[in-house]
Amino acid sequence: MTSTLLSGAATHVGGRDNNQDSMLVAEGLFAVADGIGGFVNGDVASRLALDTLESAYAADRTVAGLLGAARAANEAVWLRANADGTSMGTTLVAVAMTTDAGAVAVNIGDSRLYRLRGGELAQLTADHTVLAELLRSREVSDDDARNHPHRHVLTRAVGVGPEVEIDHAELSAEAEDRLLLCTDGLFNALEDDDLRELLGADADPQRICDLLVEAALAADADDNVTALVLDVS
């Protein structure tokens, strides 16, 4: 089945002094990146990663081309950091309409992809954090996770090394599915039930994004907040 994606996007500085999140809405390519907090030029890293991803993917819209574009984004940020003599990095989550496999997702770090289908919310990406690994190995409980001292420590990110492992998967895309790409400033401020309710509202993707960001800010989000919503038709 050929899918058409209708998109909306919104971002806000939230509880930070500057916004290190970046968004990308391009032909057949949608992405969100979160510059690593505490690193110099996180905003530069996130924007450079998405600009590189877009230009590289435009030259080859296959799955291999998408993975190559993600590797190019990593290399671009890594080389820029070395040239500037500084440290920078970013998360990355993207959905691309490839020519050989339909919708494909890639992710590095802890920015997430969710899908709402028939009222059920599913997280489609795995976080690359110390806490996520502890949860997957059941070394910590869900109750202890929210206040865990290492909950924000990434195990994988774009640009912090010359190479990076990239998670990717083909997506099942059905009519009336709604996809959400977002940074941790959104999902840390809102519960899954909040995300499910807001994504289920009868409104277009741009309005949904605005509602998500407004809700996160109302919940005192202490980080940048970014939401990119895709409706499948």
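Here the structure is shown first, and the text comes after it.
As the structure is a computational prediction, the values presented were derived from the model and not from experiment.

Asker: Lay out the sheet that holds strand β8 (residues 167-170) in plain terms, naming residues and giving numbers.
Answerer: Read across the open sheet, the 5 strands follow the order β2-β3-β4-β5-β8; overall the sheet is antiparallel. Every interior strand has two partners, whereas the edge strands, β2 (21-26) and β8, have only one. Pairs of neighbouring strands in the sheet enclose a mean axial angle of 10°, with direction left out of account. When β2 meets strand β3 (residues 29-34), the two strands line up antiparallel, connected through 6 bridges. The partner of Met-23 across the bridge, within β3, is Val-32. Sheet strands touched by helix α1 (residues 42-58): β2, β3 and β4 (92-98). Its angle to β2, the strand with the most contacts, is close to 20°. The strands that helix α2 (residues 63-84) touches are β3, β4, β5 (102-108) and β8; relative to β5, the one it contacts most, it runs at about 20°.

Asker: Now, about unusual backbone geometry: what can you tell me, with residues and values included?
Answerer: For Asn-41, which is not glycine, the phi dihedral falls at a positive 65°. One can find Asn-41 in the loop between β3 and α1. Although it is not a glycine, Glu-176 sits at a positive phi angle of roughly 80°. Since its relative accessible area comes to 75%, Glu-176 is described here as exposed.

Basis of the calculations
- Residues numbered from 1 in each chain as written.
- Predicted model: local features only at pLDDT ≥ 70, side-chain atom pairs only at ≥ 80, totals over all residues.
- Heavy atoms only, no water.
- Pairing = 2+ DSSP bridges.
- Helix = DSSP H or I, 4+ residues; strand = E, 2+ residues; numbered from the N terminus.
- Axes fitted to C-alpha atoms, helices over the stretch in contact; angles between N-to-C directions.
- Contact = heavy atoms within 4.5 Å.
- Buried < 20%, exposed > 50% of the residue type's maximum accessible area, 1.4 Å probe, protein only.

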